[in-house]
Amino acid sequence: MIFRSVVGKLWLTILGFVTLILIVLGLLLTQMFERYANNQESKDLMLISDSVAHVLNNSNDWPSALSYLTQLFENENRKLFVVTKENREVLPSPVKEIIQDERVTKAWQGGKTAYRETYPLLIEGKRTYTELLVIASSYDLKDERVLVIIYESMKVVSATAAGINRIILYAIGVSLLFTTFFALFLTRRITRPLRQIQEAAERIAEGELDQRLSIGFHDEIGKLSRSFNHMATQLDETITELQYEKDRLDRILKSMGDGVISVDIEKEIKIINPLAEEMLFAWQTGRKRLPTKVEEILDKAMRENKETTQILEMNGHYLAVVATPLYERNELNGAVAVIRDVTYEKQMDKLRRDFIANVSHELKTPIAMLQGYSEAILDGVAETEEDRMELVKIIYDESLRMGRLVRELLDLARMEAGHFELNRDDVHLDKLLQKVNRKFQSLAKDKGIQLKFFHLQQNDLVYIDADRMEQVLTNLIDNAFRYTPYGGEILVSANKKEGMLILEVTDTGSGIAEEDIPFLFERFYKGDKARTRGNSGGTGLGLAIVKNIVEAHGGRIFVQSKVGKGTTFIIQIPCEEV
């Protein structure tokens, strides 16, 4: 059939396209004409209404003036009425229906309105419903409110729109005729070479790759024939390219930062990249089998025919698994899962929750003590001056503790917000270390801990922020005191080596667990919660502040520690930036 051929489809396409354009164009033109005619006529009728009101307002003989205005403005399609309270009951029936309209009622109260509506008119003795353009305007004339109503039949506009539609129908008919002749012309031009291409393609599909076409056209069909001839020689290259793409896909899967695994309908593994293999099978021995939890997610994705997301806890890690069903020819063929290790994100969420709890706890205790001891002083519980001074000293210590917490929070907030500037100057390193030494000697004696400072070169000038570097050493030494038992030792050393200033703080304390070391410098982090009770408790902000200060100097800080054998914090700052 012609409708199944290329020519038939082309003919129907062109015909449909032209017809659609003409119809849409006709509708748009009709609407634009009607809208323009309606707006223009509304403006004209509004001007007439204003003119009528002006004439009546300046006339002493309304009946004569109204008769003159009626003869001036009325015609076959237009009627003019002036409605007052006295003549509302004697108006013709169309006008009575118009003034009962809600839009006209609002206009009577003050204002103007214009709208199109269908009303019954007596035409040649017959009651006929006709679409009218109605203008209603109220005016206060000589202490009396009147309503000027002008309505006009839209027959002229409708007749013009119908004429436009007839022109469009004629254009559609002409386009149908020309399109038909065009399709017949294309039959010989297009169909015969396409049939030759079809026959050659069928023979190539049967394995005859030596097929060539001899179509001498220089148009698109000629290009198609030359491309067809080139196709056979490109088959081997295409197969090679497909193999290359497969290898590249394998390399992409291997280099992805997420694990990817694909299974068939029986949940047998078809594709898996090394990262997914490490996540799922690193702790398995013997035959590798998908963990039950992962199988359940893949099974759910295939069963419910939708993407399934779930976070699993496996072997101390949190894995986010997103499984999606796979289809081949609209049939379920398996599923693919993307696996991401979100242990770090989980750990950070836990750190934030712990931080809120720690800050609440740290503030709750001193606030409670301040309130309790203050009430004790006010109630006169401390009878002697010595007792009152003891209570005041406790209140003072607790206020210092809260102030230290607030300062640490503010310092960290400024650093992370970028409002942190170093006031660098040439500083004698040995004097800085002596100052820190004097600050802690009294505490060292009280706790029975040996505090030693070593500096190999005297009078070394370093370009640093002395106050901030003192804060770094203070935080590190204070941490060392927290976890070093009685009789222990804390060693602070400074040296220059290979263009680096190296500061080390070593203690013989309880040490840090290996799993805590990667998170040690994260804000809010506190390692062993059992060690943070009482006097040794902190907010988890000190080391985060230390890291920010060191990095602001262009350096880095890292830690070496073993549980039960002590800890060493090492700071390295490039000399060229010191």
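## Let's talk about the side chain of T567
Step number 1: Summarising the element assignment, T567 is placed in strand β16 (residues 566–574).
Step number 2: In terms of polar contacts, T567 uses its side chain to reach the side chain of S561, at 2.9 Å.
Step number 3: If near-sequence neighbours (up to four positions away) are discounted, T567 is found in contact with V505, T506, D507, G511, I512, V559, Q560 and S561.

## So, the pattern of salt bridges
Step number 1: For the structure on display, the rule yields 18 salt bridges.
Step number 2: The salt bridge involving R103 is made with D101; its shortest N-O contact spans 3.1 Å.
Step number 3: On the basis of relative accessibility, which here comes to 33%, the residue R103 falls in the partly exposed class.
Step number 4: Its salt-bridge partner being D299, residue R303 comes within 2.6 Å of it at the nearest N-O pair. Taken together, the residues span about one helical turn, with R303 and D299 both in helix α9 (residues 292–304) at a distance of 4 residues.
Step number 5: Of the residues examined, R303 reaches a relative accessible area of 54% and is grouped as exposed.
Step number 6: With a relative accessible area of 30%, D299 lands in the partly exposed category.

## Quick look at the packing of helix α12 (residues 429–447) against helix α13 (residues 466–483)
Step number 1: Orientation of α12 relative to α13, taken along the N-to-C sense of each, is 20 degrees, at an axis distance of 10 Å. One finds that α12 runs roughly parallel with respect to α13. Crossing geometry of α12 relative to α13 is assigned as right-handed. Where α12 abuts α13, its residues L432, L433, K435, V436, K439, F440, L443, A444 and K447 lie against A466, M469, E470, L473, T474, I477, D478 and F481.
Step number 2: A per-class count over the contact of α12 with α13 returns 11 nonpolar, 1 polar and 5 charged.

## Examining a nonpolar patch on the surface
Step number 1: Where nonpolar side chains cluster on the molecular surface, the patch consists of L20, V24, L25, L28, L29 and M32 and spans about 540 Å² of accessible area.
Step number 2: Summarising the element assignment, L29 is placed in helix α1 (residues 6–57).

## Side note on the sheet that holds strand β6 (residues 269–272)
Step number 1: One open sheet accounts for 5 strands, arranged β6-β5-β9-β8-β7; its pairing is antiparallel. A strand with exactly one partner marks an edge of an open sheet, and here the two such strands are β6 and β7 (308–314). Direction aside, neighbouring strands of the sheet carry axes that sit 25 degrees apart on average.
Step number 2: As judged from the 10 bridges shared by strand β8 (residues 317–328) and strand β9 (residues 331–341), these two strands associate in the antiparallel manner. Note that in β9 the partner of A320 across the bridge is R340.
Step number 3: Most of the contacts of α9 go to β7, to which it runs at about 175 degrees, and overall it touches β5 (259–263), β7, β8 and β9.

## Considerations on the packing of aromatic side chains
Step number 1: Evaluation of the coordinates by the stated rule reveals 3 aromatic pairs.
Step number 2: Measuring from centroid to centroid gives 6.1 Å for F81 and Y151, while their planes differ by 15 degrees, and the two rings are stacked. Residue F81 is found in strand β1 (residues 78–83), and its partner Y151 is found in strand β4 (residues 144–153); the two are separated by 70 residues along the sequence.
Step number 3: In this structure F81 comes out as buried when scored by relative accessible area, which is 17%.
Step number 4: With 5.7 Å between their ring centres and 15 degrees between their planes, F440 and F481 make a pair best called stacked. Of the two residues, F440 sits in helix α12 while F481 sits in helix α13, which places them 41 residues apart along the sequence.

## Quick word on the pairing of strand β15 (residues 556–562)
Step number 1: Of the two faces of β15, only one is covered, namely that formed by I557, V559 and S561; the face formed by R556, F558, Q560 and K562 stays uncovered.
Step number 2: Alignment of β15 against β16, held across 7 bridges, turns out to be antiparallel. Within the sheet, the bridge partner assigned to K562 lies in β16 and is G566.
Step number 3: Hairpin connection between β15 and β16: a loop of 3 residues separates the two successive antiparallel strands, and G564 in this loop has a positive phi of roughly 85 degrees.

## Observations regarding the sheet that holds strand β13 (residues 489–497)
Step number 1: Ordered in space as β11-β13-β14-β16-β15, the 5 strands form an open sheet in which the pairing is mixed. Looking along the sheet, the strands with just one partner apiece sit at the ends: β11 (450–455) and β15. Sheet twist, expressed as the mean angle between neighbouring strand axes with direction ignored, is 10 degrees.
Step number 2: Note that β13 and strand β14 (residues 500–507) share 8 bridges and pair antiparallel. Paired with V492 across the two strands is V505, which belongs to β14.
Step number 3: Contacts from α13 reach β11, β13, β14, β15 and β16 within the one sheet, and its direction differs from that of β14 by about 25 degrees.

## Comments concerning the nonpolar core
Step number 1: Judged by nonpolar contacts, the single largest core of 38 residues is most densely connected at L451, L476, I477 and F569.
Step number 2: Of the residues forming this core, the biggest block, 7 residues, is contributed by α13.
Step number 3: Residue contacts for L476: discarding those within four places in its chain leaves V505, L543, V546, I557, F569 and I571.
Step number 4: Listed in part, the 21 residues of the second largest apolar core include A37, F73, V82 and V146.

## Some points on α12
Step number 1: With 19 residues, α12 extends 27 Å between its outermost C-alpha atoms, agreeing within 8% with the 27 Å of an ideal straight helix rising 1.5 Å per residue.
Step number 2: Taken as a whole, α12 carries its principal kink of about 40 degrees at F440.
Step number 3: Where α12 is concerned, the buried positions are L429, D430, L432, L433, V436, F440 and A444.
Step number 4: Residues of α12 that are buried sit in contact with β10 (425–428), β11, β12 (461–464), α13, β13 and β14.
Step number 5: Phi turns positive, to about 65 degrees, at G448, one or two residues after α12.

## Notes on the environment of L312
Step number 1: By the secondary structure assignment, L312 is in strand β7.
Step number 2: Measuring from C-alpha to C-alpha, the distance between L312 and K293 comes to 7.5 Å, with 19 residues separating the pair along the chain.
Step number 3: Those residues in contact with L312, other than ones at most four positions away along the chain, are K293, V294, I297, H317, Y318, L319 and V321.

Basis of the calculations
- The written sequence of each chain sets the order in which its residues are numbered from 1.
- It should be noted that, the model being predicted, local features are given only for residues of pLDDT at least 70 and side-chain atom pairs only at 80 or more, the latter also being counted only at that level, while totals for whole chains, interfaces and linings use all residues.
- The basis for every side-chain value is the complete set of heavy atoms in the structure, and neither hydrogens nor water enter the calculation.
- Comment: elements are numbered from the N terminus, with helices defined as DSSP H or I runs of at least four residues and strands as E runs of at least two.
- Two N or O atoms count as a polar contact when they lie within 3.5 Å, although within protein this holds only if one can serve as hydrogen donor and the other as acceptor, and sequence-adjacent residues are included solely when both atoms are side-chain atoms.
- In this description, contact between two residues means that some pair of their heavy atoms is separated by no more than 4.5 Å.
- Each salt bridge in this description consists of a side-chain nitrogen of Lys or Arg and a carboxyl oxygen of Asp or Glu lying within 4 Å of one another.
- Summary of the burial criterion: residues with accessible area below 20% of their type's maximum are buried, those above 50% are exposed, and those between are partly exposed, where the area comes from a 1.4 Å probe applied to protein chains only.
- Axes here refer to lines fitted to C-alpha atoms; in helices the fit is confined to the stretch in contact. Angles between the N-to-C directions go from 0 to 180 degrees.
- The scheme is simple: roughly parallel for angles under 35 degrees, roughly antiparallel for over 145, roughly perpendicular for 65 to 115, oblique for anything else.
- The crossing is said to be left-handed when, going from far helix to near helix, the turn is anticlockwise and less than a right angle, and right-handed when the turn is clockwise.
- Just so you know the grouping, Ala, Val, Leu, Ile, Met, Phe, Trp, Tyr, Cys and Pro go in nonpolar, Asp, Glu, Lys and Arg go in charged, and all remaining residues, Gly too, go in polar.
- Two distance rules govern patches: like charges are joined within 9 Å, and nonpolar side chains (Val, Leu, Ile, Met, Phe, Trp, Tyr) within 5 Å, applied only to residues with over 30% relative accessible area and no salt bridge.
- Accessible areas in this description were obtained via Shrake-Rupley with a 1.4 Å probe; residue shielding takes into account the shown protein chains only.
- Strand pairing requires that DSSP identify at least two bridges connecting the strands.
- Aromatic rings from Phe, Tyr and Trp, with only the six-membered ring used for Trp, were paired whenever their centres fell within 6.5 Å, and each pair was classed as stacked if the ring planes differed by under 30 degrees, edge-to-face if by over 60, and tilted otherwise.
- Within this scheme, the nonpolar core is defined by two criteria: the residues are buried Ala, Val, Leu, Ile, Met, Phe, Trp, Tyr or Cys, and they are joined through side-chain atoms within 4.5 Å.
- Working rule for helices: expected span equals 1.5 Å times residues minus one.
- Throughout, the bend at a residue refers to the angle made by two axes, fitted to the seven residues ending there and to the seven starting there.

Structural measurements only, silent on function.
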